[in-house]
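A look at the structure
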Amino acid sequence: MRTFTTLDEVAAAAGSEIGTSEWLVVDQDRIDAFADATLDHQWIHVDVEAAGTGPFGGTIAHGFLTLSLLPHFASQVFRLETPGARLNYGLDKVRFPAPVPVDSRLRSHVRFGEVRELAAGKQLVVEHTVEIEGHDKPACVAAHVVLLLA
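Summarised in this report is the structure supplied together with it. (Residues numbered from 1 in each chain as written. Predicted model: local features only at pLDDT ≥ 70, side-chain atom pairs only at ≥ 80, totals over all residues. Heavy atoms only, no water.)

A word on the overall build of the protein
The line we're drawing: Only DSSP runs of H or I covering at least 4 residues are called helices, and only runs of E covering at least 2 are called strands; the numbering of each starts at the N terminus. To sort residues, take the accessible area from a 1.4 Å probe on protein chains only and compare it with the maximum for the residue type: under 20% means buried, over 50% means exposed, and anything in between is partly exposed. Note on definitions: a residue-residue contact is assigned when non-hydrogen atoms from the two residues lie within 4.5 Å. Areas reported here follow the Shrake-Rupley algorithm with a probe of radius 1.4 Å; residue values treat only the protein chains shown as occluding. We treat Lys and Arg as the positive residues and Asp and Glu as the negative residues; His and chain ends play no part in the count. Charge positions are represented by NZ for Lys, CZ for Arg, CG for Asp and CD for Glu.
Scanning the protein for helices and strands turns up six helices and eight strands. Along the protein, helices (α) and strands (β) appear in the sequence β-α-β-β-α-α-α-α-α-β-β-β-β-β when read from the amino end. If you line up the protein on its principal axes, its C-alpha atoms span 55 × 30 × 20 Å. In the protein, buried positions account for 39% of the 150 residues. In the protein, once contacts between residues fewer than 6 apart in sequence are set aside, the share between residues at least 24 apart is 70%. Counting every atom, the protein has about 7900 Å² of accessible surface; 51% of that belongs to carbon and sulfur. Here the protein contributes 12 positively and 20 negatively charged side chains, and the mean placements of these two sets differ by 9 Å.

Listed below in structure tokens is the structure:
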């Protein structure tokens, strides 16, 4: 776990690998709970019987479920204890190169991308590559933008 206490420390880490999260299992209960929370009950995610005869041989996680896990993964890798507020500003780019089969284990490789100066502080791009255990392609590649206000 890396802890950053100043904006200068964050800026100095730009372009650096920060670390890798622990594995997290994405089981059917998690997929169903996400479907309930988002009202997205597409059969490929929640109908075990139909998905079993579908293109992936079983249910798969929603791409947005994988994306929603980024804050959890990040919290296992680094902590921002900088002065001022830390705000989720959005995402620059998100891709889902591979589906996440039910009961897969995921973890994220985290790196700090660009750090831009702002009048009110800094803008940090946190780059995630979410790995599926035993698969060649990642589940998700995303650039998460965080505002660090002074």
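Remarks on the pairing of strand 6 (residues 104-118)
To be explicit about the condition: When DSSP locates at least two bridges between a pair of strands, those strands are taken to pair.
Sheet topology places strand 2 (residues 17-20) next to strand 6; three bridges connect them, and they run antiparallel. The residue bridging G19 from the neighbouring strand is V110, located in strand 6. As defined by bridge partners, strand 3 (residues 24-26) adjoins strand 6 across three bridges and the pair is classed as antiparallel. From the neighbouring strand, V26 faces strand 6, where its bridge partner is S104. Bridging between strand 6 and strand 7 (residues 121-132) involves 11 bridges; their strand directions are antiparallel. Across the sheet, V115 pairs through a bridge with L124, a residue of strand 7. In sequence, strand 6 turns back onto strand 7 through a hairpin of two residues.

Brief notes about unusual backbone geometry
Look at L39: it is not a glycine, yet its phi comes out positive at around 60 degrees. Residue placement: L39 occurs in the loop between helix 2 (28-38) and helix 3 (43-46). We classify L39 as exposed; its relative accessible area is 71%. In this structure, D103 takes a positive phi of about 70 degrees despite not being glycine. Looking at where D103 falls in the secondary structure, it is placed in the loop between strand 5 (86-95) and strand 6. Classification of D103 by relative accessible area gives exposed; the value is 51%.

Regarding the environment of G63
Assignment of secondary structure puts G63 in helix 5 (residues 63-68). With 76 residues separating them in the primary sequence, G63 and A139 have C-alpha atoms 8.1 Å apart.

Considering the pattern of salt bridges
Keep this limit in mind: In what follows, salt bridge is the name for a side-chain nitrogen of Lys or Arg lying within 4 Å of a carboxyl oxygen of Asp or Glu.
Counted under the stated rule, the structure contains seven salt bridges. Of the charged contacts in the structure, one is a salt bridge between E131 and R107, with a shortest N-O distance of 2.7 Å. Taken together, the residues span a long stretch of sequence, with E131 in strand 7 and R107 in strand 6 at a distance of 24 residues. Note that K122 and E117 form a salt bridge whose closest N and O atoms lie 2.0 Å from each other. Members of the salt-bridge network, linked through shared partners, are E17, R111 and E127.

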